[in-house]
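Residues per chain are reported as follows:
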Amino acid sequence: MDYIVVTIFPEMFSPFWDHGIVGRAIKEGKITAGAVTPRDFTEDRHRTTDDRPFGGGMGMVMKPEPLAGTIRFAKSRLPEAQSILLTPQGRPFDQQMAVSLASLGALILVCGRYEGVDERVGESLIDLEVSVGDYVLTGGELAAMIVMDAVTRLVPGTLGGEGSAQEDSFSNGLLEYAQYTRPRIFEGQKVPEVLCSGNHKAIEAWRRENALIRTFLKRRDLLIKRGLKPEERKILQKWYRDIEQLLKDQPLSGSDPLPGGQ
Ligand code: 6GU
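Computed from a predicted structure; not experimentally measured.

Draft legend 1. Region of interest: the overall build of the protein. Per the secondary structure count, the protein includes 10 helices and 9 strands. Over its C-alpha atoms the protein spans a radius of gyration of 25 Å, topping by over 25% the 18 Å that the globule rule assigns to 262 residues. Overall size of the protein, expressed as C-alpha extent along the three principal axes, is 80 × 45 × 40 Å. For the protein, buried positions account for 35% of its 262 residues. In the protein, once contacts between residues fewer than 6 apart in sequence are set aside, the share between residues at least 24 apart is 73%. Per element, the accessible surface of the protein, about 17,000 Å² overall, is 53% carbon and sulfur.

Draft legend 2. Representation of the domain arrangement of the protein. Split by domain assignment, the protein resolves into domain 1 (2-152) and domain 2 (185-249). The C-alpha-based centres of domain 1 and domain 2 are spaced at 41 Å.

Draft legend 3. How the structure looks around unusual backbone geometry. For the bond from Arg-182 to Pro-183, the omega torsion is 5 degrees, close enough to zero to count as cis. The phi angle at Arg-47 is positive, at roughly 55 degrees, despite the residue not being glycine. Within the secondary structure, Arg-47 is located in the loop between strand 2 (32-36) and strand 3 (50-51). Positive phi, normally seen in glycine, also occurs at Glu-187, with a value near 45 degrees. One can find Glu-187 in the loop between strand 8 (185-186) and strand 9 (189-190).

Draft legend 4. The pattern of salt bridges, seen in detail. A complete count under the given rule lists 10 salt bridges for this structure. With a closest N to O distance of 3.4 Å, Lys-30 and Glu-28 form a salt bridge.

Draft legend 5. The arrangement of the side chain of Glu-232 in detail. Turning to its location among the elements, Glu-232 is positioned in helix 10 (residues 230-249). In this structure, Glu-232 is in contact with Leu-174, Leu-212, Arg-226 and Gly-227, ignoring residues within four places of it in sequence.

Draft legend 6. Here's a closer look at the site of the ligand. Around the ligand sit Leu-86, Thr-87, Pro-88, Val-130, Ser-131, Val-132, Gly-133, Tyr-135, Leu-137, Gly-139 and Ala-143, and those are all the residues in its vicinity. Tyr-135 has a polar backbone atom sitting 2.5 Å from a nitrogen atom of the ligand. One of the backbone N or O atoms of Leu-137 is found 3.0 Å from a nitrogen atom in the ligand. Protein coverage of the free-state accessible area of the ligand, which is 290 Å², stands at 96%. Where the shell around the ligand is concerned, the elements lending two or more residues are strand 5 (82-92) and strand 7 (128-131). Broken down by element, the residue count for the shell around the ligand peaks at 3 residues, all from strand 5. When grouped by side-chain class, the residues that make up the shell around the ligand number 7 nonpolar, 4 polar and no charged.

Draft legend 7. Region of the structure containing the sheet that holds strand 1 (residues 2-6). If you trace the 5 strands from one edge of the open sheet to the other, you get 2-1-6-5-7, paired in parallel fashion. The sheet terminates laterally at strand 2 and strand 7, the two strands that pair on one side only. Sheet twist, expressed as the average angle between the axes of neighbouring strands with direction ignored, equals 30 degrees. As paired elements, strand 1 and strand 2 share 5 bridges and run parallel to each other. By the bridge assignment for strand 2, Asp-2 is matched with Thr-32. Sitting on the sheet, helix 3 (residues 64-77) is in contact with strand 1, strand 2, strand 5 and strand 6 (106-111), with an inclination near 170 degrees to strand 1.

The rules behind each value
Residues numbered from 1 in each chain as written. Predicted model: local features only at pLDDT ≥ 70, side-chain atom pairs only at ≥ 80, totals over all residues. Heavy atoms only, no water. Helix = DSSP H or I, 4+ residues; strand = E, 2+ residues; numbered from the N terminus. Rg over C-alpha atoms; globule rule 2.2 N^0.38 Å. Buried < 20%, exposed > 50% of the residue type's maximum accessible area, 1.4 Å probe, protein only. Contact = heavy atoms within 4.5 Å. Areas by Shrake-Rupley, 256 points an atom, 1.4 Å probe, with all protein chains shown as cover. Domains from an automatic or database assignment. Salt bridge = Lys/Arg side-chain N within 4 Å of Asp/Glu carboxyl O. Near = heavy atom within 4 Å. Polar contact = N/O pair within 3.5 Å; in protein donor to acceptor, adjacent residues only side chain to side chain. Nonpolar A, V, L, I, M, F, W, Y, C, P; charged D, E, K, R; others polar. Pairing = 2+ DSSP bridges. Axes fitted to C-alpha atoms, helices over the stretch in contact; angles between N-to-C directions.

So this is what it looks like as structure tokens:
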């Protein structure tokens with residue numbers, strides 16, 4: 001995978017490209033990454049990349065000529081690349097989009113700044129607009145890093161543990177199961193016994209059940225979107241019956257103090 005980022009803050013990317021899984025992927029040649037800046041494609045003495053909006057209003061707009069020049073330069077370096085504009089107006093980024101972008105060979109990630117980008121740049125030079133969530137950032141740089149991070153770990157050979165990308169949250173539509181490491185008792189809380197049993201079948205069953213129940217409790221929207229397999233329906237039904245039984249066995253005493261002493 002080859003990336004070129006178009007940004008007026010190329011320095012923001014050095015720490016990201018120098019560390020962790022992404023840093024290692026670059027060192028090992030699994031991906032390449034570079035930044036180009038519209039400042040180098042300006043013609044005026046002040047190297048101006050923004051200007052006031054036509055029609056008035058607050059903030060500044062990224063000028064079309066330097067941005068278009070930069071994107072064209074990036075395309076000359078990566079002729080096969082898809083060009084993506086990071087903007088809150090874009091299509092919501094999710095794991096499925098990460099998987100489909102990872103199957104491409106090259107991406108040009110264009111970071112908007114200020115209050116926006118001159119609309120005419122998008123019309124001719126952008127293949128896809130992407131947003132990383134329903135909130136507003138001061139620029140597309142962090143969003144570009146999010147996209148590169150999520151895509152890079154799907155490039156074969158970039159993750160340490162084989163199969164890690166297949167097992168993780170969302171790849172099967174569920175959240176990940178709970179993880180534990182030593183010590184076996186931490187501040188009075190025990191690691192679930194089955195995980196220390198060495199019984200791989202039982203461990204796998206516990207993890208499947210844990211992932212399902214966690215998703216039900218924390219992200220019911222994901223389960224609804226994805227639907228339930230017959231065996232998962234059974235797991236949730238059993239869990240439901242267990243809770244019903246517990247409630248029958250433990251009638252309200254009325255004497256328990258509420259947390260906070262009220
Ligand atoms: Cl891609 N850019 C900006 N500026 N804000 C965002 C975003 C992108 N995604 C969510 N908020």
